[in-house]
Amino acid sequence: MSSVKNRYFFLLFVVVTFLPIDKISSQDLGFGCLGLIGGFVGYEIQNYKSETMNLYSQFYNEKNKNSLVDPFKKFGEARGFRFGLNLFRNNFSGFIVTIKTSYQDISEKDNQVIFVNGSEQINMLELNLKNYSLGIDLGTTITPALSWKVIEASLIYYQAEIIETVSPAGMQSSIKYYTHKNPEFGYNLGTGFILHLIKNYISLEGSASFSIFNIKEVSDENGKVFFYDNPEQNLMQTRENLIKSGGVNLVIQLNIGFPI
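Residues numbered from 1 in each chain as written. Predicted model: local features only at pLDDT ≥ 70, side-chain atom pairs only at ≥ 80, totals over all residues. Heavy atoms only, no water.

Draft legend 1. Summary view of the overall build of the protein chain. The secondary structure content of the protein chain amounts to two helices and eleven strands. Counted from the first residue to the last, the protein chain has its helices and strands arranged as α-β-α-β-β-β-β-β-β-β-β-β-β. The buried share of the protein chain, reckoned over its 260 residues, is 46%. In the protein chain, once contacts between residues fewer than 6 apart in sequence are set aside, the share between residues at least 24 apart is 74%. Total accessible area on the protein chain stands at roughly 13,600 Å², and carbon and sulfur atoms take up 61% of it. (Helix = DSSP H or I, 4+ residues; strand = E, 2+ residues; numbered from the N terminus. Buried < 20%, exposed > 50% of the residue type's maximum accessible area, 1.4 Å probe, protein only. Contact = heavy atoms within 4.5 Å. Areas by Shrake-Rupley, 256 points an atom, 1.4 Å probe, with all protein chains shown as cover.)

Draft legend 2. Representation of the packing of aromatic side chains in the model. Using the criterion set out here, one finds 14 aromatic pairs in the structure. Note on Phe59 and Phe227: the rings are 6.1 Å apart at their centroids and 65° apart in plane angle, and the pair reads as edge-to-face. On the criterion of sequence distance, the pair formed by Phe59 in helix α2 (residues 51-63) and Phe227 in the loop between β10 (202-212) and β11 (248-259) is long-range, its members being 168 residues apart. Phe227 shares its class with Phe59; the two are buried. Every member of this aromatic cluster is reached through a ring pair, and the members are Tyr56, Phe59, Tyr60, Phe72, Tyr178, Phe226, Phe227 and Tyr228. (Phe/Tyr/Trp six-rings, centres within 6.5 Å; stacked < 30°, edge-to-face > 60°.)

Draft legend 3. Representation of the nonpolar core in the model. Membership of the largest hydrophobic core comes to 25 residues, with the highest contact counts inside it found for Ile162, Phe226 and Leu242. Put simply, the parts of the chain that give this core at least two residues each are α2, β5 (119-143), β6 (146-158) and β7 (160-167). No other element matches the four residues that α2 contributes to this core. Every residue in contact with Ile162, bar those within four places of it in the chain, is listed here: Met53, Leu125, Glu126, Leu127, Lys176, Tyr177, Tyr178, Val218, Phe226 and Leu242. (Core = buried A, V, L, I, M, F, W, Y, C linked by side-chain atoms within 4.5 Å.)

Draft legend 4. Representation of unusual backbone geometry. For Asn117, which is not glycine, the phi torsion reads 55° and is therefore positive. You can see Asn117 is positioned in the loop between β4 (95-116) and β5. Under the relative-accessibility criterion, Asn117 is labelled exposed at 79%. Phi at Phe227 is positive, roughly 70°, even though this residue is not glycine. Residue Phe227 is classed as buried on the basis of its relative accessible area, which comes to 3%.

Pasting the structure below:
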């Protein structure tokens with residue numbers, strides 16, 4: 001995770017260092033009279049805290065310790081793609097206002113490998129987050145090629161799913177799905193930079209934000225709650241939310257705009 005952050009901030013440092021700062025201005029961006037619309041696609045990294053998933057990992061690593069080949073890791077970082085639309089972008093006296101909406105499909109999964117009757121069995125745990133957001137950001141021009149998103153804010157509608165898969169060697173896999181019955185809202189607050197590759201038309205955008213959200217329990221079609229209603233685990237503990245809190249969110253995306 002730290003190497004991703006280092007590369008991200010090093011890129012921003014290089015961009016700012018070598019752009020012609022002597023030409024800093026708040027010039028008009030040449031938008032059409034109604035501004036810009038367009039789409040974007042990006043790659044996203046979302047940190048989160050889940051005591052439930054990590055208790056699950058610990059429990060099954062301990063349960064299978066005598067036959068364990070490869071343990072479950074600690075969960076807490078989902079990755080994937082986002083797709084969206086810049087519904088409106090315009091320059092008002094040097095300040096760039098953007099209204100946008102997006103869909104994020106991010107996930108984290110890991111396998112545990114154990115020996116059962118002389119053959120390897122693969123147990124897989126996967127978290128999927130499929131989210132919808134509506135956001136606004138306020139930016140300003142630093143140079144003709146670079147803009148700074150001073151603040152970015154988004155309201156996000158979260159949907160979660162857990163997939164638990166057991167794959168014995170030479171046998172059909174058993175798959176269980178746990179879904180979030182009552183999707184919840186959260187929000188992002190952050191900042192970022194936009195590098196204009198072709199003015200008004202193509203730009204590269206990077207942002208760092210903090211996500212504030214939590215997701216309660218997920219359950220299967222029979223109403224059994226993931227992990228806590230598992231008859232095999234005999235832990236006396238307080239039931240936790242599936243995701244207790246959000247964390248740092250990093251995005252790099254390509255924007256394509258059209259003046260209107």
